[in-house]
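Tertiary structure, described
These are the residues of each chain, in order.
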Amino acid sequence: MSDETPVTADRPDSPITTTGTDHITIWGSNEADTIAFYRDLLGMPLVLRQPNLDDPSQTHLFFDTGDGRILTVFVGERESHRGRQRGGTGSVHHLCFSVAPEDFEDVAAALDDNGRSYNVFDRGIFFSLYTHDNNGLVIELSTDKYDIPDDRRGEVLAKAQELRVADGEDYAKDEHLAAALEELGLDADPHDLPDAASGVGGVQ
């Protein structure tokens, strides 16, 4: 891991400046299974359905992920499968969607009721549950450990990065996040979340 490129919430001196994520598009299987997972299980309203304008034999489904950001899925007459997606350069590793901290345990219960396996991890600076969609794509459902204002999130993470480097730690931990909030003068209360394994793999 390189520390050569500075980590900061400041905008870089670049010729283009993005203003946010508009939408992400993935290849899906069929309409029924896709709607069953994203609308009926995860609660994303289906807000638009039309032909794929580049290939009218496909249908283009638009789901509102909850904050006006959109997930779109190209579907056809393909069968769903639960097998793992292939990895590799350029492929999608996973999609992550936010859930309210007070709903976290209900989310796990809903996945149980739907017959879906999942793992829950304390990721140091956030809390995550991992499952799979109807096509084996890894879906992460994450929640904040603290009540962090959306417009200060990048600033908080950059400060936590600065503090973890100063501590000589390999990854940002809860104490770095709490200290970052304090240094930035943000009175963010911790959320009441269940105990979970530390999801850090082989990182110390």
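Data block above holds the structure.
Tracing the backbone through its elements, the reader meets glycine 168 in the loop between helix H3 (153-167) and helix H4 (174-183). Classification of glycine 168 as exposed rests on a relative accessible area of 58%. Between the C-alpha atom of glycine 168 and that of leucine 137, which follows or precedes it by 31 residues, the distance is 34 Å.

This part covers the side chain of threonine 143. Mapped onto the fold, threonine 143 is located in strand S8 (residues 138-144). If sequence neighbours within four positions are ignored, threonine 143 has contacts with Val99, Ala100, Pro101, Phe104, Phe126, Phe127 and Leu193.

Next up on the list: the sheet that holds strand S6 (residues 119-122). Spatially, the five strands line up as an open sheet ordered S5-S8-S7-S6-S9, and their pairing is mixed. Looking at which strands have only one partner, the edges of the open sheet turn out to be strand S5 (94-98) and strand S9 (197-198). When S6 meets S9, the two strands line up parallel, connected through two bridges. Paired with phenylalanine 121 across the strands is alanine 197, a residue of S9. Where helix H2 (residues 104-113) meets the sheet, its contacts fall on S6, strand S7 (126-132) and S8, and the angle it forms with S7 comes to roughly 10 degrees.

Examined against the element boundaries, glutamate 182 turns out to sit in helix H4. Sequence spacing of glutamate 182 and valine 156 is 26 residues, and the spatial spacing of their C-alpha atoms is 9.8 Å.

Attention now moves to the pairing of S7. For S7, the buried fraction is high: six of the seven residues fall into the buried class. Summarising the sheet, S6 and S7 pair through four bridges and their orientation is antiparallel. Paired with asparagine 119 across the two strands is tyrosine 130, which belongs to S7. Direction of pairing for S7 relative to S8: antiparallel, over a ladder of seven bridges. Bridge pairing links serine 128 to serine 142 in S8. The loop that links S7 with its antiparallel partner S8 comprises five residues; one of these, glycine 136, has a positive phi angle of about 85 degrees.

Below, the discussion takes up the sheet that holds strand S3 (residues 55-64). With respect to topology, four strands assemble into an open sheet ordered S1-S4-S3-S2, the strand pairing being mixed. Looking along the sheet, the strands with just one partner apiece sit at the ends: strand S1 (23-30) and strand S2 (46-52). Between one strand axis and the next, the sheet turns through 25 degrees on average, direction left out of account. Pairing of S2 with S3, which is carried by six bridges, proceeds in the antiparallel orientation. Counterpart to arginine 49 in the pairing with S3 is leucine 61. Here helix H1 (residues 31-41) sits on the sheet in contact with S1, S2, S3 and strand S4 (70-76), set at roughly 10 degrees to S3.

Moving on to the packing of aromatic side chains. With the rule as written, the count across this model stands at five aromatic pairs. Aromatic side chains phenylalanine 37 and tyrosine 38 sit 4.8 Å apart centroid to centroid with 80 degrees between the ring planes, which places their arrangement in the edge-to-face category. Exposure class is identical for phenylalanine 37 and tyrosine 38. Each is buried. Plain terms: the ring middles of phenylalanine 104 and phenylalanine 127 are 5.2 Å apart, the flat faces sit at 75 degrees to each other, and that makes the pair edge-to-face. Taken together, the residues span a long stretch of sequence, with phenylalanine 104 in helix H2 and phenylalanine 127 in strand S7 at a distance of 23 residues. The same class applies to phenylalanine 104 as to phenylalanine 127, namely buried. Every member of this aromatic cluster is reached through a ring pair, and the members are Phe37, Tyr38 and Phe63.

Once that is clear, we can look at the side chain of lysine 145. Topologically, lysine 145 is positioned in the loop between S8 and H3. For lysine 145, a relative accessible area of 9% gives the class buried. A distance of 2.8 Å separates polar atoms of two side chains, one belonging to lysine 145 and the other to aspartate 122. Looking at lysine 145, its side chain comes within polar contact range of the main-chain oxygen of glycine 124, at 2.9 Å. In this view, lysine 145 contacts Asp122, Gly124, Ile125, Phe126, Phe127, Asp174, Asp189, Pro190, His191 and Leu193; residues no more than four positions away in its chain are not counted.

Procedures and definitions
- Residues numbered from 1 in each chain as written.
- Predicted model: local features only at pLDDT ≥ 70, side-chain atom pairs only at ≥ 80, totals over all residues.
- Heavy atoms only, no water.
- Helix = DSSP H or I, 4+ residues; strand = E, 2+ residues; numbered from the N terminus.
- Buried < 20%, exposed > 50% of the residue type's maximum accessible area, 1.4 Å probe, protein only.
- Contact = heavy atoms within 4.5 Å.
- Pairing = 2+ DSSP bridges.
- Axes fitted to C-alpha atoms, helices over the stretch in contact; angles between N-to-C directions.
- Phe/Tyr/Trp six-rings, centres within 6.5 Å; stacked < 30°, edge-to-face > 60°.
- Polar contact = N/O pair within 3.5 Å; in protein donor to acceptor, adjacent residues only side chain to side chain.

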